[in-house]
Every structure is written in structure tokens, then in C-alpha cells.
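Below, each chain spelled out in residue letters.
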Amino acid sequence: MIFIDACLGKETEYTPVWMMRQAGRYLPQYRALRATTSDFISFCRDSAKAAQATLQPIDELDVDAAIIFSDILVLPLEMGMDLSFKAGEGPVFAKPLSELKALDKLSGDRAVEKLSYVYEALKIARASLAPNKALIGFCGAPWTLATYMIEGRGSKTYEKSKKMLYSNPQLLHSILRKLTNALKDYVCEQIKAGANAIQIFDSWAGALEFSAYYEFAWSYIKEICAHIKKEYPNVPVIVFPKGIGGFITKLDGDFDVLGVGWECDIASVKNSLGAKYVLQGNLEPARLFDKMAIEDGVDEILGVMGGKRHIMNLGHGITPDVSVEHARHFINYTRSRSKELIKGKK
Ligand code: CP3
């Protein structure tokens, strides 16, 4: 699998490419499949449909890796939190977490067991995928999951989470501890079910100053990475701390691939961390609205990375209003240009 080879720093014939949120609403076949189930959570719990959605971008775009169709919030859901997805509003927790008593009622072990529909979807997807295509399992990072659980919904200010961080850090650490313990088992179950790599999404990494980020977010991510590496040393681990442009170069840990958000200058990241970690990213997703913008952006990133120790991706998820034709252009253009670049260097 070219994607796994690249994750492990091996030389490849071209730069492998996939897109975050590649199984999603910009694909007409996803919208059609999604319309067969009324709510998003029931759709995630339907392993056969989730597996089908996972494979759609492989069939449509020929990306080098599939990511299992699910959501980061199924973990807090199955721990016992009341979650719903409201059209136009996104995820909403009916009773946001604010005290230890409520945390004590949540069970990580029960979640890892109840998430069997994700493992089943992975098994089905892996059995249907061509042997040269990788299957990525994923989870949300403890900090990002905790912010959703505490705020109750997406937030611009992270007011409640930050208030807890500075005024009741013990409670926040208790939440993060419980999530981390569950996540370690959850990702290992995904690997057992057929995931060839694991990506940890820390979508709200950019909300914190460096010292707080390290203590309340990164230290837990490092613990999950170390656990995966101890249990499965050959399974690549990708971390994606979105939005931390300012201190991305200060991060360390036992992982293989560092996901680079589109706000970061990938040349600087390469200079400081490119020898230690394979880099993934970081085309600004809005470039997908225009073919010239795609080509200019891809040329610039490939020019910096030189076809080595790099996985092409967007610098965050693809948005619903991008055309399939443009998404395909991004994949095909990356493949053909990186092939030429790598051939030229040999
Ligand atoms: O293709 C893939 O990447 C796999 C599937 C996937 C989904 N969510 C499906 C989804 C993945 C990897 C995620 C991760 C996820 N979910 C993140 C981390 C990545 C990021 O974007 O930062 C976050 C923060 C979430 C939480 C979440 N789930 C939000 C905020 C929303 C609503 C926003 C929106 O776009 O509507 C979701 C719902 C969701 N998860 C959808 C999909 C395809 C849209 C709902 C639908 O199709 O009905």
C-alpha cells in the first residue's frame, strides 16, 4: 500500500493522496445513500451503509486511502451522553458536562463495547477494498471531544471549557483521563477490525495557548500514540492538531505522520520537523473551488516537499459545495505532477 509506505517514510512512485471528509455531502452518491436513513446517528450505526460510504470516494476519485465513515462524537455518545445532529446546527449534547457526578455516570468500557458497529463497518470495508488501498481508522483527540461535551455544541469561544481549564483544572483532567483510557482501547479495536493506520483529529487545538495545550491536550495525545505503538508498532499513527500554526514545531511524540493545517507554512514545518515526521497536507480547502487555484496550490506544496516524506491532503475537510470534478482534479493532478517530480529526481 503506497499510503502506508509513505506513512513509514519509504520512497514511493508518486505522492499518495486522500482528503479529510472525503466521504461526505459533496458526493451525490453519499447524499443518496444518506437519504435512506433519517438521522445521522442511525446512519453511523448501520455498519453496511457506513462501509458503503467509506468506499464511495475510492470508486469515484481513486484516492489512495479510505477513511472509515463514522464521527468523532460516537465515543461520547456511547459513553452515555445524549447527542443529536440538528440540520444546519451540527452536533448538540442535550446535557453538557459540568460536574464530576455526571462524568461518573459515563462509561468508557461500555462505549468501547457498544462501538462494535464501527468495528463491523471496518471489517466490511477492508474486505471490499483492493489490497493496494489503505483503510484509515480514526478518533477525536481528548481535548476536542471534551470541548464538545462541555460546551454542548460547536463553539467559537470555548468559554465553558476554558473556564473549567483555569478555574477547575482537576475536573477537566478527570474528563480527559476518562476519554483517553477509552480512546486507547477504541483505536486498538479499530486496528483489530482491519484499520491499517489511525488518525487522531484535534480539531480545536488552536483554541489554547501553548502551555495549556501541552498539558490539557498534547500530553494525552502522546499517551494514546505511545499506547498504539506499544501494541501495534507497525501501524502508522497520524496526528492532526488543527489551527496551531504558532507552535506546531514544538510538538513531539511517538507518531509517524504530522497533519499540517492550511494555516501553517509547510516549508517551515518541513525545516524543523520534516526529518522526524512524514508531513500530511495542507492544501487550503477553498482552493477546490477553482482548477487553477488547485494546480497552483499543489505545485507549491509539491515543490516544497519534493515528493518525499509527504502525503498530500487538504489542510482541513472538504466542504459540501465543492464539485466532484474539482475534487477529482486535485487527486489526478497531485498524482501526475508528483510522478514527474519523483522520476525527474532519479
Ligand atoms: O470522510 C471522512 O472524513 C470520514 C467521516 C467523518 C465525519 N466526521 C462524517 C460526518 C470524519 C472523519 C469526521 C470527523 C469529525 N466530526 C470531526 C473532526 C474533523 C474536522 O472536520 O475537524 C469533527 C470536529 C466532527 C464533529 C462533527 N460531525 C460536526 C461539527 C458535524 C456537523 C458539521 C457539518 O458539516 O454538518 C458532524 C456531522 C458529520 N460528520 C457529517 C459527516 C459527513 C455531516 C452530516 C451528514 O452527512 O448528515
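Quick caveat: nothing in here was measured; it's all calculated off a predicted structure.

**Looking at the layout of surface pockets**
Now for step 1: Taken as a whole, the largest pocket encloses approximately 1,500 Å³ of empty space.
Now for step 2: Lining the largest pocket are 45 residues, with Arg-21, Arg-25, Phe-40, Asp-71 and Phe-85 sitting closest to its centre.
Now for step 3: Taken together, the elements giving at least two residues each to the lining of the largest pocket come down to helix H2 (28–34), strand E2 (83–86) and strand E3 (90–93).
Now for step 4: If you add up the space inside the second largest pocket, you get close to 210 Å³.
Now for step 5: Along the wall of the second largest pocket there are 13 residues; nearest its centre are Cys-264, Ile-266, Asn-282, Glu-300 and Ile-301.
Now for step 6: Sorting the residues of the lining of the second largest pocket by element identifies helix H13 (266–273) and helix H14 (291–305) as the ones contributing at least two each.
Now for step 7: Per-element tally for the lining of the second largest pocket: the top contributor is H14, with four residues.

**Some remarks on the packing of helix H11 (residues 169–192) against helix H12 (residues 210–231)**
Now for step 1: As a packed pair, H11 and H12 sit with axes 10 Å apart at the nearest point and diverge in direction by 25°. Comparing their axes, H12 and H11 come out roughly parallel. Once H11 is placed against H12, the crossing between them reads as right-handed. Mapping the contact onto sequence places Pro-169, Leu-172, His-173, Leu-176, Arg-177, Thr-180, Asn-181, Leu-183, Lys-184, Val-187, Cys-188 and Ile-191 in H11 and Glu-215, Phe-216, Tyr-220, Glu-223, Ile-224, His-227, Ile-228 and Glu-231 in H12.
Now for step 2: When grouped by side-chain class, the residues that make up the contact of H11 with H12 number eleven nonpolar, four polar and five charged.

**Some thoughts on the UniProt feature "domain: Uroporphyrinogen decarboxylase (URO-D)" (unreviewed entry) in the protein**
Now for step 1: Feature annotation in UniProt assigns "domain: Uroporphyrinogen decarboxylase (URO-D)" (unreviewed entry) to the following positions: residues 16–25 and 136–152.
Now for step 2: End C-alpha to end C-alpha, residues 16–25 measures 23 Å, and it is 0% helix and 0% strand.
Now for step 3: With 59% helix and 29% strand, residues 136–152 has end C-alpha atoms that lie 28 Å from one another.

**Observations concerning H13**
Now for step 1: Listing the buried residues of H13 in full gives Ile-266, Val-269 and Leu-273. Down the axis of H13, the sector holding all buried residues measures 60°, keeping them to one side.
Now for step 2: Looking at the buried side of H13, the elements it contacts are strand E7 (257–259), strand E8 (278–280), H14 and strand E9 (310–311).

**With respect to the sheet that holds E9**
What holds strands together in a sheet is hydrogen bonding between their backbones, with the strands either parallel or antiparallel.
Now for step 1: A sheet is described by the order of its strands in space; here seven strands give the open sequence E1-E4-E5-E6-E7-E8-E9, paired in parallel fashion. Looking along the sheet, the strands with just one partner apiece sit at the ends: strand E1 (65–67) and E9.
Now for step 2: Those strands touched by H12 are strand E5 (197–202) and strand E6 (237–241), and its axis lies near 170° from that of E6.
Now for step 3: Across the sheet, H13 lies against E7, E8 and E9, angled at about 160° from E8, the strand it touches most.

**Examining the environment of Leu-283**
Now for step 1: Summarising the element assignment, Leu-283 is placed in the loop between E8 and H14.
Now for step 2: Taking the C-alpha atoms as reference points, Leu-283 and Pro-91, separated by 192 residues in sequence, lie 26 Å from one another.
Now for step 3: Sequence-distant contacts of Leu-283, that is, excluding residues within four places in its chain, are made with Trp-262, Leu-288, Ile-294, Gly-297, Val-298, Ile-301, Asn-313, Leu-314, Gly-315 and Phe-330.

**With respect to the pairing of E3**
Along any regular strand, the residues point their side chains to alternate faces of the sheet.
Now for step 1: Bridge count for E2 against E3 is four bridges, and the pairing is antiparallel. For Leu-83, the partnering residue across the bridge sits in E3 and is Phe-93.
Now for step 2: Between E2 and E3, which pair antiparallel in sequence order, lie three residues; one of them, Gly-88, sits at a positive phi of approximately 80°.

**Some words on a negative patch on the surface**
Now for step 1: On the surface, Asp-265, Asp-290, Asp-296 and Glu-300 cluster together to form a negatively charged patch.
Now for step 2: As for its placement among the helices and strands, Glu-300 is situated in helix H14.
Now for step 3: A residue is classified by how much of its surface remains accessible, and Glu-300, at 56% relative accessible area, is exposed.

**Digging into the UniProt feature "site: Transition state stabilizer" (unreviewed entry) in the protein**
Now for step 1: Mapped onto this numbering, the UniProt entry gives "site: Transition state stabilizer" (unreviewed entry) at Asp-71.
Now for step 2: Examined against the element boundaries, Asp-71 turns out to sit in the loop between E1 and helix H5 (74–79).
Now for step 3: Contact partners of Asp-71, with chain neighbours within four places excluded, come to Phe-40, Cys-44, Phe-85 and Phe-138.

**Focus on the pairing of E5**
Now for step 1: Buried residues dominate E5, accounting for six of its six residues.
Now for step 2: Residue alternation in E5 divides its side chains into two sets, Ala-197, Gln-199 and Phe-201 and Ile-198, Ile-200 and Asp-202, and both sets are buried.
Now for step 3: A crossover links E5 with its parallel partner E6, the connecting element being H12, and its sense is right-handed.

**Some words on unusual backbone geometry**
Now for step 1: Backbone torsion omega between Gly-281 and Asn-282 reads -5°, so that peptide bond is classified as cis.
Now for step 2: Of note, Asn-282 is situated in the loop between E8 and H14.
Now for step 3: In this model, Asp-62 sits at a positive phi of 60°, which is unusual for a non-glycine residue.
Now for step 4: With respect to the helices and strands, Asp-62 occurs in the loop between helix H4 (47–61) and E1.

What counts as what
Residues numbered from 1 in each chain as written. Predicted model: local features only at pLDDT ≥ 70, side-chain atom pairs only at ≥ 80, totals over all residues. Heavy atoms only, no water. 1 Å grid on protein atoms, 1.4 Å probe; cavity = no way out; pocket = protein on both sides within 12 Å on 5 of 7 lines; lining within 4 Å. Points joined across faces, edges and corners; volume = space filled by probe spheres on them. Helix = DSSP H or I, 4+ residues; strand = E, 2+ residues; numbered from the N terminus. Axes fitted to C-alpha atoms, helices over the stretch in contact; angles between N-to-C directions. Parallel < 35°, antiparallel > 145°, perpendicular 65-115°, else oblique. Left-handed = near helix turned anticlockwise from the far one by under 90°. Contact = heavy atoms within 4.5 Å. Nonpolar A, V, L, I, M, F, W, Y, C, P; charged D, E, K, R; others polar. UniProt positions renumbered as here; feature names shortened; annotations may be inferred. Buried < 20%, exposed > 50% of the residue type's maximum accessible area, 1.4 Å probe, protein only. Arc of directions from axis to C-beta. Pairing = 2+ DSSP bridges. Patch = residues over 30% accessible without salt bridge, like charges linked within 9 Å, V, L, I, M, F, W, Y side chains within 5 Å. Areas by Shrake-Rupley, 256 points an atom, 1.4 Å probe, with all protein chains shown as cover. Salt bridge = Lys/Arg side-chain N within 4 Å of Asp/Glu carboxyl O. Lys, Arg positive; Asp, Glu negative; His and termini not counted. Charge placed at Lys NZ, Arg CZ, Asp CG, Glu CD. Right-handed = clockwise from strand over helix to strand, strands pointing away.

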